[in-house]
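As a plain string of letters, each chain reads:
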Amino acid sequence: MTDRLRVYELLFEQHGPQGWWPSESPFETMVGAVLTQRTAWANAARAIDGLRAARLLAPQRMRAEPVESLAARIRASGFFRTKARKLHALCGFLSRYGDDVARLRAAGAARLRAELLAVHGIGPETADAIMLYAVGAPTFVVDAYARRIFSRLGEPSAGAGYARFQAWLLDGLPADTELLGEYHALLVRHARTVCVARQPRCERCALRRRCANAGRTQPIRPTDTRAACRRTGPGRRPHRARCRVRG
Ligand code: SF4
């Protein structure tokens, strides 16, 4: 079984602190978690800059902004009409807590995560990013990068569903918000610069002595990620029977 803490230590030695999440307030972090869905962070950051310039990075002001106008402000993030509706839904949710992060924290992690998942446009990955980086709850953000790295390391849990893979990750780590936030950022950095999708740069990888796939250059199979499942498209049969990641 992969030593999750040792993987963290090796990644930290290789890449150093990542300084996530880059934001000026918990609300800005929440907004960023929505805006970065299905796009690169650079695009989300440009959209956030636009919101800041328009003085909309406050829940009460964003709530008062019409969806069409909000969408125009976040055009840089892509899917801007959908994301504007999601942001409005998020702001509506926050109003139930008086826009107060301290009250969110006081609600308790399990209840708050369940409530976030009921908000339009917030799935497990976004909810956990909000929980970890905005609320300060010790959880793990599971994404395709974490799956890629741990599956290449030879860890069978990387092929499990979201909740099971997350539980396995958390089981091997201290409940330390700072460490968990750094860990997610390090996995993203490593997957983008070293353990890339095609032809990973194993000779530069701090994990190579622990990796079942070190030195192999084949891309991972398309059935290894949920993103691939989504690529089957509407109306087409998903490949559940042979899918390694179905939970
Ligand atoms: S040794 Fe290669 S395949 Fe394994 S984690 Fe590192 S870069 Fe990825």
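It should be emphasised that the depicted structure is a prediction, and the values quoted were computed from it without experimental measurement.

**Some words on the packing of helix H1 (residues 4-15) against helix H12 (residues 177-193)**
When two helices pack together, their arrangement is given by the angle between their axes and by how far apart the axes lie.
Turning to step 1, where the next piece is worked out: For the pair H1 and H12, interaxial distance at closest approach is 10 Å and the crossing angle is 65 degrees. In terms of crossing hand, the pair formed by H1 and H12 is left-handed. Taking contact as the criterion, the partners of Tyr 8, Leu 11, Phe 12 and His 15 in H1 are, on H12, Leu 179, Glu 182, Tyr 183, Leu 186, Arg 189 and His 190.
Turning to step 2, where the next piece is worked out: Looking at the contact of H1 with H12 residue by residue, the classes come out as 6 nonpolar, 2 polar and 2 charged.

**Re the site of the ligand**
Turning to step 1, where the next piece is worked out: Cys 195, Pro 200, Cys 202, Cys 205 and Cys 211 are the nearest of the 14 residues found near the ligand.
Turning to step 2, where the next piece is worked out: Taken together, the residues of the shell around the ligand sort by class into 10 nonpolar, 1 polar and 3 charged.

**Description of unusual backbone geometry**
Turning to step 1, where the next piece is worked out: Cis peptide bonds are those with omega within 30 degrees of zero, and the linkage from Trp 20 to Trp 21 qualifies with 0 degrees.
Turning to step 2, where the next piece is worked out: With respect to the element layout, Trp 21 can be found in the loop between H1 and helix H2 (26-35).
Turning to step 3, where the next piece is worked out: At Phe 79, a residue that is not glycine, the phi angle is positive and equals roughly 45 degrees.
Turning to step 4, where the next piece is worked out: By the secondary structure assignment, Phe 79 is in the loop between helix H5 (67-73) and helix H6 (80-95).
Turning to step 5, where the next piece is worked out: For Phe 79, a count of 16 C-beta atoms within 10 Å corresponds to the partly exposed category.
Turning to step 6, where the next piece is worked out: The backbone phi angle of Gln 199 is positive, close to 50 degrees, even though this residue is not glycine.
Turning to step 7, where the next piece is worked out: With respect to the element layout, Gln 199 can be found in the loop between H12 and helix H13 (226-230).

**Let's talk about H6**
Turning to step 1, where the next piece is worked out: A rise of 1.5 Å per residue sets the reference length of H6, with its 16 residues, at 22 Å; its end C-alpha atoms lie 22 Å apart and thus fit the reference within 8%.
Turning to step 2, where the next piece is worked out: Within the span of H6, buried status applies to Lys 83, Ala 84, Lys 86, Leu 87, Leu 90, Cys 91 and Leu 94. Looking straight down H6, one finds its buried side chains confined to an arc of 160 degrees; they lie on one side.
Turning to step 3, where the next piece is worked out: Against H2, helix H4 (59-64) and H5 lie the buried residues of H6.

**Details of the packing of helix H8 (residues 109-117) against helix H9 (residues 124-135)**
Turning to step 1, where the next piece is worked out: Packing of H8 against H9 brings their axes to within 9 Å, and their N-to-C directions diverge by 135 degrees. Taken together, the axes of H8 and H9 lie oblique to each other. Between H8 and H9 lies a crossing whose hand is right-handed. When H8 is examined against H9, the residues Ala 109, Leu 112, Arg 113, Leu 116 and Leu 117 are found in contact with a partner set consisting of Pro 124, Ala 127, Ile 130, Met 131 and Val 135.
Turning to step 2, where the next piece is worked out: Of the residues assigned to the contact of H8 with H9, the class counts are 9 nonpolar, no polar and 1 charged.

Definitions and cut-offs
- Residues numbered from 1 in each chain as written.
- Predicted model: local features only at pLDDT ≥ 70, side-chain atom pairs only at ≥ 80, totals over all residues.
- Axes fitted to C-alpha atoms, helices over the stretch in contact; angles between N-to-C directions.
- Helix = DSSP H or I, 4+ residues; strand = E, 2+ residues; numbered from the N terminus.
- Left-handed = near helix turned anticlockwise from the far one by under 90°.
- Contact = placed C-beta atoms within 7 Å.
- Nonpolar A, V, L, I, M, F, W, Y, C, P; charged D, E, K, R; others polar.
- Near = placed C-beta within 6 Å.
- Buried ≥ 20, exposed ≤ 12 C-beta atoms within 10 Å, placed from the backbone.
- Expected span 1.5 Å × (residues − 1).
- Arc of directions from axis to C-beta.
- Parallel < 35°, antiparallel > 145°, perpendicular 65-115°, else oblique.

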